[in-house]
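Residue strings, one per chain:
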Amino acid sequence: MEVGWYLRFAKADRVEAQVSLKGVAQVRHAMHIHTDWELEVEELDDHAVTRFKRKQPRFDKDGE
């Protein structure tokens, strides 16, 4: 799993992914490199849902 590729080339301001519980540590480690994203992790029974949100939106949605 290479979370960094998804964050590096994402065109969206939010990315959501399901990962194994063992993979959560690797996702958290990627956040040390990609400091322009915030991470939320929801651990469920057999997997985790990770939600990434850009700290600064990539596109100006107000048109200014």
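> What should I look at first to understand the side chain of His34 in this one?
By secondary structure assignment, the location of His34 is in the loop between α2 (24-30) and β2 (37-43). Note on His34: relative accessible area 9%, which makes it buried. Residues contacting His34, with those up to four places away along its chain left out, are Gly4, Leu7 and Arg8.

> Please explain the confidence of the model for the chain as it appears in this structure.
Caution applies to low-pLDDT parts of the model: their predicted coordinates are not meant to be read in detail. Averaged over every residue, the pLDDT of the chain is 89; the share at 70 or more is 91%. Here helix α1 (residues 3-9) stands out as the least confident element of the chain, with mean pLDDT 84; β2 is the most confident, with 97.

> What is the right way to look at the pairing of strand β3 (residues 48-54) in this model?
Two faces, one strand: in a regular strand the side chains alternate between the faces of the sheet. Burial runs high along β3: 5 of the 7 residues are buried. In this structure, strand β1 (residues 14-19) lies alongside β3, joined through 6 bridges in antiparallel fashion. Along β3, the bridge assignment pairs Gln18 with Val49. In this sheet, β3 lies alongside β2 in antiparallel orientation, the contact comprising 7 bridges.

> What is the right way to look at the pattern of salt bridges in this model?
Two side chains bearing opposite charge may form a pair once their charged atoms approach each other closely. Under the defined criterion, the tally for this structure stands at 4 salt bridges. As a salt-bridge pair, Glu16 and Arg51 come within 3.4 Å of each other at their nearest N and O atoms. One end of the pair, Glu16, is in strand β1; the other, Arg51, is in strand β3, and 35 residues separate them in sequence. Residue Glu16 is classed as exposed on the basis of its relative accessible area, which comes to 57%. Among the ionic contacts, a cluster of salt bridges with common partners joins Glu16, Glu40, Glu42 and Arg51.

> Which parts of the structure should I look at to understand the sheet that holds β1?
Pairing between sheet strands relies on hydrogen bonds along the backbone, with the strands arranged either parallel or antiparallel. Across the sheet, 3 strands lie side by side as β1-β3-β2; this open sheet has antiparallel pairing. With one partner strand each, in any of the chains shown, β1 and β2 form the two edges of the open sheet. Averaged over neighbouring strand pairs, the angle between their axes works out to 15° when direction is ignored.

> Honestly, the side chain of Thr50 in this entry has me stumped. Any pointers?
Here Thr50 is to be found in strand β3. Overall, the relative accessible area of 0% leaves Thr50 in the buried class. Excluding residues that lie within four positions of it along the chain, Thr50 makes contacts with Val15, Glu16, Ala17, Val19, Val27, Leu39, Glu40 and Val41.

Conventions and cut-offs
- Residues numbered from 1 in each chain as written.
- Predicted model: local features only at pLDDT ≥ 70, side-chain atom pairs only at ≥ 80, totals over all residues.
- Heavy atoms only, no water.
- Helix = DSSP H or I, 4+ residues; strand = E, 2+ residues; numbered from the N terminus.
- Buried < 20%, exposed > 50% of the residue type's maximum accessible area, 1.4 Å probe, protein only.
- Contact = heavy atoms within 4.5 Å.
- pLDDT = per-residue confidence, 0-100.
- Pairing = 2+ DSSP bridges.
- Salt bridge = Lys/Arg side-chain N within 4 Å of Asp/Glu carboxyl O.
- Axes fitted to C-alpha atoms, helices over the stretch in contact; angles between N-to-C directions.

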